[in-house]
Amino acid sequence: MKNLRTAGPAPADPAPADLDGDLASLRGDCARMTPRWSAPEHVLAHPVPVSLIHGVRVPRTSARLLESMSDYGD
């Protein structure tokens with residue numbers, strides 16, 4: 001599914017795109033996107049009693065996928 005709505009054209013970047021990326025470029029990307037995001041005024045989440053937490057179940061295919069992923073990326 002594609003999101004065809006945009007807020008406007010992407011800002012012109014004076015430097016060529018770094019396809020590998022680094023922390024500085026990631027922080028810059030986040031800083032440019034921040035004005036488009038808004039936080040809710042009130043968080044409606046309530047704490048869950050420990051007695052209701054029984055563990056997590058993961059399908060075998062998902063577990064195999066996660067197991068084959070590297071911890072820190074490639």
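This text follows the structure it describes.
Residues numbered from 1 in each chain as written. Predicted model: local features only at pLDDT ≥ 70, side-chain atom pairs only at ≥ 80, totals over all residues. Heavy atoms only, no water.

The next subject is the overall build of the protein chain. Of regular secondary structure, the protein chain possesses 2 helices and 0 strands. For the protein chain, the proportion of its 74 residues judged to be buried stands at 0%. Surface exposure of the protein chain reaches about 8200 Å², of which carbon and sulfur atoms provide 60%. (Helix = DSSP H or I, 4+ residues; strand = E, 2+ residues; numbered from the N terminus. Buried < 20%, exposed > 50% of the residue type's maximum accessible area, 1.4 Å probe, protein only. Areas by Shrake-Rupley, 256 points an atom, 1.4 Å probe, with all protein chains shown as cover.)

Our focus in this paragraph is a nonpolar patch on the surface. A surface patch of nonpolar side chains, about 530 Å² in accessible area, is lined by Val56, Val58, Leu65, Leu66 and Met69. Along the chain, the position of Val56 falls in the loop between helix 1 (23-33) and helix 2 (60-68). (Patch = residues over 30% accessible without salt bridge, like charges linked within 9 Å, V, L, I, M, F, W, Y side chains within 5 Å. Salt bridge = Lys/Arg side-chain N within 4 Å of Asp/Glu carboxyl O.)

Pairing is possible between side chains that carry opposite charge, provided their charged atoms lie close to one another. Scanning the entire structure with this criterion turns up 1 salt bridge. The partner of Asp29 in a salt bridge is Arg32, and the shortest N-O contact between them spans 2.4 Å. With Asp29 and Arg32 both in helix 1 and 3 residues apart, this pair spans about one turn of that helix. For Arg32, a relative accessible area of 43% puts it in the partly exposed group.

In short, geometric facts, not functional conclusions.
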